[in-house]
Amino acid sequence: MLVKDRMTSPVLTITPDVSIQDALASMRNDKVRRYPVLDKHGKMIGIVTESDLLNAKPSEATTLSMWEISTLLSKITVERVMTEDVITTTEDCPIEEAARVMSDNHISALPVMRGKSLVGMITETDIFHILLELMGARTPGVRLSVEVLNKPGKLHEISGVIQKLGGDLLGMAAIMGSRAETRHLTLKVVGVQPDVLQKAIEPLVEKITDIRKTEIK
């Protein structure tokens, strides 16, 4: 899966001369938390977030009157509070690489560029939705977590048993196990009852750490 498969396009943007009050109102109206900032030529020159706009407001301890605060805020523009050094990605970037860049840099979104043109936006919400799909979280079934030896063919062996039971593997995630030589697998299985699945899988794994039937409410 690549960024282009899940990015939002076209992207809602803003210009640098908009006041922070108007920008915040637009964000709430558009139900977004950030805008790429484009100059009059359509070139991206920054990004502004809801947090940037809210933090630009005077503190509650200010001695200014409400009229003075309103006047002050109307003169502060997006250009004053936006981030100029924007981290971006491209359409053909693997989705997990985009997620890594967001995590490593503590940011919640990446503008997607095609050359010098802004063509999309990928956000942490998009990544979250992908996780739900990868784990089959929106489908009723059996959620099975196991510790297995980290050796070739183990997943093939487990999926083969599930198939023989008449089940289907809808989702899977793998992380490091409790020991260097093990992996922790979480599988979403449909078409097999938990007790039947547990009995068939137990001889193939180091241990079953969790098994439960999931329902969608």
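Residues numbered from 1 in each chain as written. Predicted model: local features only at pLDDT ≥ 70, side-chain atom pairs only at ≥ 80, totals over all residues. Heavy atoms only, no water.

**Quick notes on the side chain of lysine 188**
With respect to the helices, strands and loops of the structure, lysine 188 is situated in strand S8 (residues 182-190). This buried residue, lysine 188, is left without a salt bridge; glutamate 215 holds the nearest opposite charge, at 9.2 Å. Of note is the side chain of lysine 188, whose polar atom sits 2.5 Å from the backbone oxygen of threonine 139. Within polar-contact distance, the side chain of lysine 188 engages the side chain of threonine 214 at 3.4 Å. (Helix = DSSP H or I, 4+ residues; strand = E, 2+ residues; numbered from the N terminus. Buried < 20%, exposed > 50% of the residue type's maximum accessible area, 1.4 Å probe, protein only. Lys, Arg positive; Asp, Glu negative; His and termini not counted. Salt bridge = Lys/Arg side-chain N within 4 Å of Asp/Glu carboxyl O. Polar contact = N/O pair within 3.5 Å; in protein donor to acceptor, adjacent residues only side chain to side chain.)

**Re the pattern of salt bridges**
Following the criterion strictly, the structure yields ten salt bridges and no others. For the salt bridge of aspartate 104 with arginine 100, the shortest nitrogen-to-oxygen distance reads 2.6 Å. Highlighted residues: aspartate 104 and arginine 100, both in helix H6 (residues 95-105), separated by four residues, approximately one helical turn. For arginine 100, a relative accessible area of 40% puts it in the partly exposed group. One salt bridge in this structure joins arginine 179 and glutamate 206, with 3.4 Å as the shortest N-O distance. Of the two residues, arginine 179 sits in the loop between strand S7 (168-176) and S8 while glutamate 206 sits in the loop between helix H9 (194-201) and strand S9 (207-214), which places them 27 residues apart along the sequence.

In short, shape yes, function no, at least from these values alone.
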